Amino acid sequence: MTDFAKTRAKFHIPPGVIYLDGNSLGPLPLAAEQRIAQCLNAEWGQHLVRAWNQAGWMSLPRLLGDKIGALIGAEPGCVVLGDTLSIKVFQALAAGLALNPARHVILSDDGNFPSDLYMAQGLLGLKGGDYRLKIVPPEEIAATLDDSVAVLLLTEVDYRTGRLHDMAALTRQAHACGIVTVWDLAHSAGAMPIDLAGCDVDFAVGCTYKYLNGGPGAPAFIYVAPRLTDRAEPALAGWLGHAAPFAFDLDYRPAASIDRMRVGTPPIIALAALDAALDVWAEVDLADVRRVSLDLGDLMIAEVAAQCPSLELASPLSRSLRGSQVTFRHQEGYAIMQALIERGVIGDFRAPDRVRFGVTPLYIGQGDIRAAVAILKEVMDQRLWDLPRHRTRALVT
Ligand SMILES: *Cc1c(COP(=O)(O)O)cnc(C)c1O
C-alpha cells in the first residue's frame, strides 16, 4: 500500500491551503526546486553548451518518456517528451490520417477539450478536400464507429465532468472497423492506471503539468505503438526528429525510433523540474491512487449532497465511470469558486456553470475533503459568494 503521508510530504502546499486543483496544475514537488537549481548552476552555469552531452540534456526527452511510459502502460522506448499537448495532438492526428489515407473523417466527442478539436479543425483545413471532423456526444461514440472513420480522437477523462471513457472497449471496437485511435491522457496520466499496450492503443498524448506535477507549461508527451513507429509520419518535420540531426542534411529523413516525434530543442529547465516530479512516483502504486481518489470523490459527493444541496452533481456517481475529479453545477459557480479560493480552498471553474475539484491522494486526504466542504457550506449558507469582486472574471478561471 502506498504511503500517502509520505507522498504528501514531498510537495509544497502553502499553509492554510486545501489544494483541489491538481487536475489543472499539480503542486510544486520539493525535489523540483533542488533539481532546477542544479540544472541552472551545475549544468547550464558550469557546463554551458557542453551540458547537452555532459549533463545528458539531449537524452532527457526519451529518458523522461520512459519514466512516464511506466505510468501509462507503454512499452519502453515508445514515449517522448516535447512541445505542448496541442502540438502533440496535431502530430498524432496527422500521423493517424496518413495511416488511413482512404478515409477522411476524424471522430471525437463534444466533451473533448476544445484545443484538441481546434487542432483537428486546423489540420483538416490544411488537408483540404472532403476531410471533416465529426463531433458527437460521448455516449454516442460507440454507435458512430464505422468504416468511414479514419481516426478516433478521444480524451479518456472529460475535463469538465470527469466522465471516463472505456479505453479498452472503444479501442477494440475502433480497430474492428479499421480506425486508428488517438487517446488524450491529459486527465488520466498520473490519476489512474492506464494500459496502453494492453489496450493496443495506436497513439496517445498527454500533458505533464496536471496529475504529473511537472510545473506550469511543462512539456507534453506522445506515445506511438511499437508496431507503428517506423510508419508514423511525424507531420512536423523538425531537425531533432531527423534520423541524424547533426548531419545537417538538406532533406528530412525521420528517425527510425520514437525520436521522430521530436520537433525542436527541448525545454531543459522545464524537463529538469519534471524529472524531479516523476521521481515521486517511484514509491507510488497507481492502483492505490485510483482506489483512494475514488474514495475521496465519493466522500466529497456525499458531503456536498448532505451539506450543500443547491450544488448539483455533474460528475458520474458510478466509480467505474468517473476519473479523478468531482464537478458540481451552480449558476453562480464562478463567484462561489472565488469565495472558496479566498478562504484557501482552491479548485477552479469551467464555463458555463461548473465548479471543479481535483481529488488527488498524493497530497489530499479525507480531512481535507471534510474541511473543504465545511467551508463550502459556509460560503453557500451565508451567501459569501454574493459580492461584486467575486463576479469579476479573471483571465484564467
Ligand atoms: C489541459 C488539456 C490541454 C491543454 O493543451 P496545452 O497545449 O498543454 O495547452 C489539451 N487537451 C486536453 C484534453 C487537456 O485536458
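Model, not experiment: these values are computed from the prediction.

Caption draft 1: Seen up close, the packing of aromatic side chains. In this structure the tally under the stated criterion is nine aromatic pairs. Between Trp52 and Trp57 the ring centres are 5.3 Å apart and the planes differ by 90 degrees, which places this aromatic pair in the edge-to-face class. Taking the relative accessible area as the measure of exposure, Trp52 reaches 23% and is therefore partly exposed. According to the relative accessible area criterion, Trp57 is buried, its value standing at 7%. With a centroid separation of 5.4 Å and an interplanar angle of 85 degrees, the aromatic rings of Tyr334 and Phe349 are classed as edge-to-face.

Caption draft 2: Representation of the layout of surface pockets in the model. Taken as a whole, the largest pocket encloses approximately 300 Å³ of empty space. Surrounding the largest pocket, 20 residues form its lining, Leu85, Ser86, Phe113, Tyr209 and Lys210 being those nearest its centre. Put simply, the parts of the chain that give the lining of the largest pocket at least two residues each are α5 (85–99) and α6 (114–127). Taken together, the residues that form the lining of the largest pocket break down as seven nonpolar, eight polar and five charged. Along its surface, the second largest pocket is lined by Asp21, Ser24, Tyr334, Met337, Gln338, Ile341, Gly347, Asp348, Arg350, Ala394, Val396 and Thr397.

Caption draft 3: A look at the site of the ligand. Residues in contact with the ligand, as listed here, are Thr84, Leu85, Ser86, Phe113, Asp116, Thr155, Asp184, Ala186, His187, Tyr209 and Lys210. Between an oxygen atom of the ligand and a side-chain N or O atom of Thr84, the distance comes to 3.4 Å. Here Asp184 contributes a side-chain N or O atom positioned 3.5 Å from a nitrogen atom of the ligand. In the complex, the protein chains occlude 86% of the 390 Å² of accessible area that the ligand would expose alone. When atom positions are compared with the pocket grids, the ligand is found to occupy the largest pocket. Partitioning the shell around the ligand into residue classes produces four nonpolar, four polar and three charged.

Caption draft 4: View of the packing of helix α2 (residues 30–47) against helix α10 (residues 268–279). Direction vectors running N to C along α2 and α10 enclose 140 degrees, while the axes themselves pass 8 Å from each other. In terms of axis orientation, α2 runs oblique to α10. Pair α2 / α10 crosses with right-handed handedness. For the pair α2 and α10, the contacting residues are Ala31, Ala32, Arg35, Ile36, Cys39, Leu40 and Trp44 in the first and Ile268, Ile269, Ala272, Ala273, Asp275 and Ala276 in the second. Classifying every residue of the contact of α2 with α10 by side-chain character gives eleven nonpolar, no polar and two charged.

Definitions and cut-offs
- Residues numbered from 1 in each chain as written.
- Predicted model: local features only at pLDDT ≥ 70, side-chain atom pairs only at ≥ 80, totals over all residues.
- Heavy atoms only, no water.
- Phe/Tyr/Trp six-rings, centres within 6.5 Å; stacked < 30°, edge-to-face > 60°.
- Buried < 20%, exposed > 50% of the residue type's maximum accessible area, 1.4 Å probe, protein only.
- 1 Å grid on protein atoms, 1.4 Å probe; cavity = no way out; pocket = protein on both sides within 12 Å on 5 of 7 lines; lining within 4 Å.
- Points joined across faces, edges and corners; volume = space filled by probe spheres on them.
- Helix = DSSP H or I, 4+ residues; strand = E, 2+ residues; numbered from the N terminus.
- Nonpolar A, V, L, I, M, F, W, Y, C, P; charged D, E, K, R; others polar.
- Near = heavy atom within 4 Å.
- Polar contact = N/O pair within 3.5 Å; in protein donor to acceptor, adjacent residues only side chain to side chain.
- Areas by Shrake-Rupley, 256 points an atom, 1.4 Å probe, with all protein chains shown as cover.
- Sits in = over half its atoms within 2 Å of the grid points.
- Axes fitted to C-alpha atoms, helices over the stretch in contact; angles between N-to-C directions.
- Parallel < 35°, antiparallel > 145°, perpendicular 65-115°, else oblique.
- Left-handed = near helix turned anticlockwise from the far one by under 90°.
- Contact = heavy atoms within 4.5 Å.

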